[in-house]
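What the coordinates show
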Amino acid sequence: GAVVSQHPSWVICKSGTSVKIECRSLDFQATTMFWYRQFPKQSLMLMATSNEGSKATYEQGVEKDKFLINHASLTLSTLTVTSAHPEDSSFYICSATDMTNTGELFFGEGSRLTVL
Amino acid sequence: ELKVEQNPLFLSMQEGKNYTIYCNYSTTSDRLYWYRQDPGKSLESLFVLLSNGAVKQEGRLMASLDTKARLSTLHITAAVHDLSATYFCAVLYNNNDMRFGAGTRLTVKP
């Protein structure tokens, strides 16, 4: 099946620094990518939807200036957490689809962010 | 408002028993998904259900979809310990809006 690779798997950073997470579709062209955040023992919360070559659509309550999303190519989307704070510590997961009839959505391995 | 309600939230069952997890959603959907998540890991795709009456089976898990009732079920047959995980249903709206249920944390005891 299709593979979505997410990097890094985990990252620890100091408060006030910025962290970039990459999401790559390895064997298909991802017209749409989704970014989720998951806090411990909770479900996934959609943060934003990004389409290649256009601005991301953010969910209500998600600060677009804090969570910068770039989907510059059909195989790469990045999420940058700017000026990270401890409350941003979470498990971030990306997913991608090529919007075929199967409707399959492929998930990355997730990135665990800890902000000290 | 888009809502995906999953129940139960927690489920403890003994090996060999059967049980069903329910997923109700509030608005007409394009597709319904079932995922499994192990602790500290990302999501593993189990089923994609595309149409009313769809039924898919993989091993001890069987998923079904009733679009008229806006209900999907994930049935577990003769549970084994390896099935212990958190199971999520998710609904796709307008081809680009994916909403997840709260998840069902399943524990299968010997």
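Above: the structure in question.
To keep things clear, this report deals only with the structure shown in the data block. (Residues numbered from 1 in each chain as written. Chains lettered and ligands numbered in written order. Predicted model: local features only at pLDDT ≥ 70, side-chain atom pairs only at ≥ 80, totals over all residues. Heavy atoms only, no water.)

Contacts between the two partners involve 21 residues from chain B and, on the opposite side, 24 residues from chain A. Around 1,600 Å² of area is buried between chain B and chain A when both sides are counted, 52% of it from carbon and sulfur atoms. In this assembly, chain B and chain A are joined by one salt bridge. Taking the shortest distance from any N to any O, the salt bridge between Arg99 of chain B and Glu59 of chain A comes out at 2.8 Å. At the junction of chain B and chain A, the tally comes to four residue pairs in polar contact (both at pLDDT 80 or more). Mapped by element, the contributors of at least two residues to the side of chain B that touches chain A are strand E4 (31–37), strand E5 (43–49) and strand E10 (97–100) of chain B. Classifying every residue of the side of chain B that touches chain A gives nine nonpolar, seven polar and five charged. (Contact = heavy atoms within 4.5 Å. Buried area = accessible area lost by both parts, 1.4 Å probe. Salt bridge = Lys/Arg side-chain N within 4 Å of Asp/Glu carboxyl O. Polar contact = N/O pair within 3.5 Å; in protein donor to acceptor, adjacent residues only side chain to side chain. Helix = DSSP H or I, 4+ residues; strand = E, 2+ residues; numbered from the N terminus. Nonpolar A, V, L, I, M, F, W, Y, C, P; charged D, E, K, R; others polar.)

By way of backbone hydrogen bonds, the strands of a sheet pair with one another, either parallel or antiparallel. Residues and elements named next belong to chain A. Taken together, four strands build an open sheet; the order of strands is E1-E3-E8-E7 and the sheet is antiparallel. The two strands at the open ends of the sheet, each matched to only one other strand, are strand E1 (4–7) and strand E7 (67–73). Averaged over neighbouring strand pairs, the angle between their axes works out to 15 degrees when direction is ignored. (Pairing = 2+ DSSP bridges. Axes fitted to C-alpha atoms, helices over the stretch in contact; angles between N-to-C directions.)

A few words on the pairing of strand E5 (residues 44–51) of chain A. Residues and elements named next belong to chain A. Taking burial as the measure, the eight residues of E5 include six buried ones, the bulk of the element. As judged from the seven bridges shared by strand E4 (residues 32–38) and E5, these two strands associate in the antiparallel manner. Each bridged residue has a counterpart across the sheet, and for Tyr36 the counterpart in E5 is Leu46. Taking the residues between adjacent antiparallel strands as the criterion, E4 and E5 are bridged by five residues, where Lys41 takes a positive phi near 65 degrees. Alignment of E5 against strand E6 (residues 57–58), held across two bridges, turns out to be antiparallel. Bridge pairing in E6 places Ala48 opposite Tyr58. The turn linking E5 back onto E6 is made up of five residues, and Gly53 within it adopts a positive phi angle of 85 degrees. (Buried < 20%, exposed > 50% of the residue type's maximum accessible area, 1.4 Å probe, protein only.)

Counted by the stated rule, this structure contains two disulfides over all chains. The side chain of Cys23 of chain A participates in a disulfide bridge whose partner is Cys94 of chain A; the two sulfur atoms lie 2.0 Å from each other. Across the S-S bond linking Cys23 of chain A and Cys94 of chain A, the dihedral sits near 80 degrees, which makes this disulfide right-handed. Highlighted residues: Cys23 of chain A in strand E3 (residues 19–25) and Cys94 of chain A in strand E9 (residues 90–97), separated in sequence by 71 residues. At a sulfur-sulfur separation of 2.0 Å, the disulfide partner of Cys23 of chain B is Cys89 of chain B. Judged by the torsion about the S-S bond (80 degrees), the Cys23 of chain B/Cys89 of chain B disulfide is right-handed. Residue Cys23 of chain B is located in strand E3 (residues 19–25), and its partner Cys89 of chain B is located in strand E9 (residues 85–93); the two are separated by 66 residues in the primary sequence. Comparing Cys23 of chain B with Cys89 of chain B shows no difference in burial state: the two are buried. Between Cys13 of chain A, a free cysteine, and Cys94 of chain A, which holds the nearest cysteine sulfur, the sulfur-to-sulfur gap is 18 Å. (Disulfide = S-S within 2.5 Å.)

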